[in-house]
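Notes for the structure review
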Amino acid sequence: MTAFPWIAGVRGEIVADGKRLEAVAYGPPPDQAPTIVMLHEGLGCVALWRDFPVSLAAATGCGVFAYSRAGYGGSERIDLPRPLDYMSREARFSLPAVLEAIGFTRGILLGHSDGASIAAIYAGEHADERIKGIVLMAPHLFTEEMGLASIAEARRAYETGDLRAKLAKYHAHVDSAFWGWNRAWLDPGFKAWNIEDAVSRWRVPALIIQGADDQYGTLKQVRAIEARSPAPVTSLILEACRHLPQIDQPQATLGAIVGFCPGITAAR
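Now for a description of the structure that goes with this document. (Residues numbered from 1 in each chain as written. Predicted model: local features only at pLDDT ≥ 70, side-chain atom pairs only at ≥ 80, totals over all residues. Heavy atoms only, no water.)

A separate point is helix α1 (residues 52-60). For an α-helix the count is 3.6 residues per turn, leaving residues at separations of three or four pointing the same way. Residues of α1 that are buried: Phe-52, Pro-53, Leu-56 and Ala-57. Summarising the axial view, the buried residues of α1 lie within an arc of 135 degrees, below the 170-degree limit, and thus occupy one face. Within two residues after α1, Gly-61 carries a phi angle of roughly 80 degrees, on the positive side. (Buried < 20%, exposed > 50% of the residue type's maximum accessible area, 1.4 Å probe, protein only. Helix = DSSP H or I, 4+ residues; strand = E, 2+ residues; numbered from the N terminus. Arc of directions from axis to C-beta.)

Let us now look at the sheet that holds strand β7 (residues 206-211). Spatial ordering of the open sheet is given by β1-β2-β4-β3-β5-β6-β7-β8, a layout of eight strands whose pairing is mixed. Strand pairing shows two members of the sheet lacking a second neighbour, β1 (12-16) and β8 (233-238), which therefore form its edges. Averaged over all neighbouring strand pairs, the angle between strand axes comes to 20 degrees, with direction disregarded. Against the sheet, helix α2 (residues 86-101) makes contact with β1, β2 (19-26), β3 (35-39), β4 (63-67) and β5 (107-112), and its axis sits at roughly 135 degrees relative to β1, the strand it touches most. Along the sheet, helix α8 (residues 219-228) makes contact with β6 (131-137), β7 and β8, crossing β8 at roughly 165 degrees. (Pairing = 2+ DSSP bridges. Axes fitted to C-alpha atoms, helices over the stretch in contact; angles between N-to-C directions. Contact = heavy atoms within 4.5 Å.)

Glancing now at the side chain of Asp-114. Assignment of secondary structure puts Asp-114 in helix α3 (residues 114-125). Among buried Asp, Glu, Lys and Arg side chains, Asp-114 stands out as unpaired, with Arg-69 the closest opposite charge at 4.7 Å. Separated by 3.4 Å, the side chains of Asp-114 and Trp-185 make a polar contact. Residues contacting Asp-114, with those up to four places away along its chain left out, are His-40, Glu-41, Gly-42, Arg-69, Tyr-86, Met-87, His-140, Trp-181 and Trp-185. (Lys, Arg positive; Asp, Glu negative; His and termini not counted. Salt bridge = Lys/Arg side-chain N within 4 Å of Asp/Glu carboxyl O. Polar contact = N/O pair within 3.5 Å; in protein donor to acceptor, adjacent residues only side chain to side chain.)

So, on to the packing of aromatic side chains. Taken as a whole and assessed by the stated rule, the structure comprises twelve aromatic pairs. Both rings, one in Phe-190 and one in Trp-193, keep their centres 5.3 Å apart while their planes meet at 10 degrees; by these two values the pair is stacked. With relative accessibility at 1%, the residue Phe-190 sits in the buried group. The structure contains a cluster of three or more aromatic residues connected by ring pairs, namely Phe-4, Trp-6, Phe-65 and Tyr-67. (Phe/Tyr/Trp six-rings, centres within 6.5 Å; stacked < 30°, edge-to-face > 60°.)

Put into structure tokens, the structure is as follows:
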């Protein structure tokens, strides 16, 4: 496997689980400082993180690596339908290859929404001593009716509104990106999806950031993590915040992560 060319702010590529993935990095490379690996949401990609990776690198002094999973952004497309265990597959097969491709030595997994679920699964299933902590923004451990209703509303917006046009600005294979996420979550079989057991096997501290007005998940997700994790959990509930803490409350979100990082990334 060809190593990722870590040149701050310059887009590159890696190959993970047989798929070509677009990627970008900021700050020092993994052999010089801890690394924050960013895992985007179900309709996200590198570009949709906006300037958050740059701000993270500047505020923490860590290297920051973001990539678009297969099917998203400028990464290679996927075959549909996605399997209903697609997040577990990402944690088991793709993410380990990503970490190897960048020469990851120690640091943090930072996930948002689906990306938070992938990070949660990885932390529970891999005894990876390089991972010193996890940051989960708007995480999902299980489905909730209100969240599924919001996903159904997104489908209507995609079919009859301007959501497809908006997403097409960021995703080369926009139908693959949207339907791969939407149809999996709205599949009747997905209602049984639950990853709480992974949380019960966490070995590292976690920071949970949740918007009080999140349209895709309630505080039940946070409380389940607090109840299940044998490792320390710090929770931040942000008022006037929906599903995008890094957009709705960027300073509070960044401040919480900056406060979490020093003791975690210093661990050997």
